[in-house]
Structures are given as C-alpha cells and as structure tokens.
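# An overview of the molecular structure
Here is how the chains run, residue by residue.
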Amino acid sequence: MRVLIVGVGGLGCPAALALHGAHALTLVDHDVVERSNLHRQVLYGPEDLGRPKAEVAARKLPGATALQEKVTAENAPELFRAHDVVLDGTDGATTKLMLSDAAVQTGVPLVYGGVLKEQGQAMVIRPGGPCLRCLFEGATEGPTCAQAGVLGTVAGVVGFKQAELCVSLAAGLHTFDGKSLKWRAVEVRRAADCPSCPASVDITREVCPMTYVRVKLALEKLEKGRLLEVWLKGEEPLKNVPQSAREEGHQVLDLTPHGDRSRLLLKVG
Ligand SMILES: [Zn+2]
C-alpha cells in the first residue's frame, strides 16, 4: 500500500514507525527539527536539530521517500492521487480541513488525527462521508498543540491508532482519554448542510436508461458549482454516465473504483 504521511511530527513519527517495512511511505514535511519537538517526535535526536524533518525521518526509515514541501490546496489533490491512503500528522485546524477537502475531492481515504493536552481522536474520511467539515465546520479555531501543549505519550498512542486505521479503514470517530487510557468509538454521520460533502446518488442497482434519469434529476436539484457524487457499477453506466454529464456541461472531477463500485464526482456546470 502507498501511504502518504503529511507532517512527520508527534503523530507522523509513531505512525511512520508502525507502517514502515510493510508499506511504501512518502513523508512530507516542510519543517525542521526543533529542541521542543524531541520529547514526542521519536524519530529525532539532538544531533538532528535544524535539519529537515522529512529528510531525517526518511534516512532512519530506509525505503521511505522524503518530500520537503508544504502541502497546500493546490498540490494536495495530485499528492493524494499518487497514494492509496493519506495520514494526517499536521497541527492546526485550517490544514486539517484542507486535507479533508482533498480527500472528498479525490476519493482517496484520509486518516485524520488530533491531540490536545491529554485528549486524542482519530477518524477515517472516505467517500460517502462524513468529512471533517461535517463535524467541525463553524467551530472556532482552537489552539494548536504547539500552543496548548500535548502529552507526548497521547500523540504516540493516537499516531499508532492512525497507522492501524490506515490498514483497517474502520468507521467512526475514535476518541482517546489520556487519564483513563480508554478508547471509545462514536458513530458519526454526514451533516446535511456540510459545505464540502457532495450530494450523493446511488445508481449501482439501476439499469439504463434509469441511470441517466436519476443522475439528471439529482443534478437539476443542485446549484451551479455544487458537487454530486454518483455511485455506479457495470460497464455501460461507467462509460456513458460521465460522458453524458460532460456533454451537458458538467465537470467530471474524479472517477475511481472502490471495491466493486465506482465513484464519479461531478461539479454542476
Ligand atoms: Zn462533510
């Protein structure tokens, strides 16, 4: 499996250690190692201070690829598409929401992780939702872990959990309490008013020409610029539905297989 780890810090270091050897890792980080990182960013030692994190981490995990760059809304879709799963090891709500949007757009699963003081959480964001905006849109930007402080061991536990979720892709929001040392899994749903999640229509059981009719009806309900996700199956709809959508002026953003189904992402034109 090709795994992209965005941010090789408190979450990314343990996750990379857990996944290394069994999976092809790409480690992307634009930061350098600082003294305050050392207690929880377990791939680095005092001799690495001032050096690029991605490069140092890749040297310690032979076979891993280092990318020393910042992941932005512009380069994220291409990076996502070159991997099977993406692990969020970043700090700060804005970047996390941007990564969640890239997962929605590309259909490549993202394993989100977050820690604050002695609390941690992790969740897989995949086609069909929910995404991170379903849960946190409108919430005020909280402090980053660099500002609020984080218990190093909690970051380690959450990073390992994220590594496990990369493989299992288990559903739900997984929360960890560093006082009781207990994990809980909570069921989460798509928010009806989520600004990121596309509207969804499932035509896997339909036969042509119902496939066209159902997609057309779904598109007519949406304003220009909104997204529609179509789940399809079978040779004819797979070929013809995207083609007819294009001919009617809609944009095909993504068409990827997910098990025995395929997901077509359309932007209403
Ligand atoms: Zn959403």
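Predicted, not measured: the structure shown is a model, and the values here were computed from it.

## Let's talk about helix H4 (residues 93-106)
- The end-to-end C-alpha distance of H4 is 20 Å, a good match for the 20 Å that 14 residues give at a rise of 1.5 Å each.
- If you check which residues of H4 are buried, you get Lys96, Leu99, Ser100, Asp101, Ala102, Ala103, Val104, Gln105 and Thr106.
- One or two residues past the end of H4 sits Gly107, with phi positive at roughly 80°.

## Re the packing of helix H1 (residues 12-19) against helix H7 (residues 152-168)
- Where H1 contacts H7, the two axes come as close as 7 Å, and the packing angle between them is 45°. In terms of their interaxial angle, H1 and H7 are classed as oblique. Along this stretch, H1 crosses H7, giving a crossing that reads as right-handed. Residue-level contacts link Gly12, Cys13, Pro14, Ala15, Ala18 and Leu19 of H1 to Gly156, Gly159, Phe160, Gln162, Ala163 and Cys166 of H7.
- The class makeup of the residues in the contact of H1 with H7 is 8 nonpolar, 4 polar and no charged.

## A word on the sheet that holds strand S6 (residues 119-125)
- Pairing within the open sheet is mixed, and its 8 strands lie in the order S3-S2-S1-S4-S5-S6-S7-S8. With one partner strand each, in any of the chains shown, strand S3 (65-67) and strand S8 (182-186) form the two edges of the open sheet. Recorded for the sheet is a direction-independent mean angle of 15° between the axes of neighbouring strands.
- Bridge count between strand S2 (residues 24-28) and S3: 3 bridges; the pairing is parallel. Across the sheet, Leu27 pairs through a bridge with Ala66, a residue of S3.
- Here H7 sits on the sheet and contacts strand S1 (2-6), strand S4 (85-88), strand S5 (110-116), S6 and strand S7 (173-177); the angle it forms with S5, its principal contact strand, is near 170°.

## Quick look at H7
- Compared with the 24 Å implied by 1.5 Å per residue over 17 residues, the 25 Å span of H7 between its first and last C-alpha is a close match.
- Along H7, the residues that are buried comprise Val154, Ala155, Gly156, Val157, Val158, Gly159, Lys161, Gln162, Ala163, Leu165 and Cys166.
- Next to the buried residues of H7 lie S1, H1, S4, S5, S6 and S7.
- A positive phi of about 50° marks Leu169, the residue just after H7.

## Examining the domain arrangement of the protein
- We note that the domain assignment places domain 1 (2-186) and domain 2 (199-267) within the protein.
- With 4 residues of domain 1 at the contact, the number on the domain 2 side is 7 residues.
- Considering only residue class, the side of domain 1 that touches domain 2 consists of 1 nonpolar, 3 polar and no charged.

## Let's talk about the sheet that holds strand S11 (residues 251-258)
- What the 4 strands build is an open sheet, ordered S9-S10-S12-S11; its pairing is mixed. Single-partner strands in this sheet number two, and they are strand S9 (199-202) and S11. Pairwise comparison of adjacent strand axes, ignoring direction, gives a mean angle of 20° for this sheet.
- Pairing between S9 and strand S10 (residues 227-232): 4 bridges, direction parallel. Looking at the pairing, Asp202 lines up with Trp231 of S10.

## Quick look at the packing of helix H8 (residues 210-220) against helix H9 (residues 235-247)
- Axis separation between H8 and H9 bottoms out at 10 Å; the angle between their running directions is 40°. Comparing the axis directions of H8 and H9 gives the class oblique. Both H8 and H9 take part in a crossing whose hand is right-handed. For the pair formed by H8 and H9, the contact residues are Thr211, Tyr212 and Val215 on the first element and Pro237, Val241, Ser244 and Ala245 on the second.
- Along the lines of polarity and charge, the residues of the contact of H8 with H9 split into 5 nonpolar, 2 polar and no charged.

## Section: unusual backbone geometry
- The linkage connecting Gly129 with the following residue, Pro130, adopts the cis geometry, with an omega of -5°.
- Within the secondary structure layout, Pro130 lies in the loop between S6 and helix H5 (132-136).
- At the junction of Cys208 and Pro209, the peptide bond is cis and its omega measures out at 5° in the coordinates.
- Within the element layout of this structure, Pro209 appears in the loop between S9 and H8.
- Notably, Lys117 is not glycine yet its phi reads approximately 50°, a positive angle.
- Relative to the elements of secondary structure, Lys117 occurs in the loop between S5 and S6.

Rules of the game
Residues numbered from 1 in each chain as written. Predicted model: local features only at pLDDT ≥ 70, side-chain atom pairs only at ≥ 80, totals over all residues. Helix = DSSP H or I, 4+ residues; strand = E, 2+ residues; numbered from the N terminus. Expected span 1.5 Å × (residues − 1). Buried ≥ 20, exposed ≤ 12 C-beta atoms within 10 Å, placed from the backbone. Axes fitted to C-alpha atoms, helices over the stretch in contact; angles between N-to-C directions. Parallel < 35°, antiparallel > 145°, perpendicular 65-115°, else oblique. Left-handed = near helix turned anticlockwise from the far one by under 90°. Contact = placed C-beta atoms within 7 Å. Nonpolar A, V, L, I, M, F, W, Y, C, P; charged D, E, K, R; others polar. Pairing = 2+ DSSP bridges. Domains from an automatic or database assignment.

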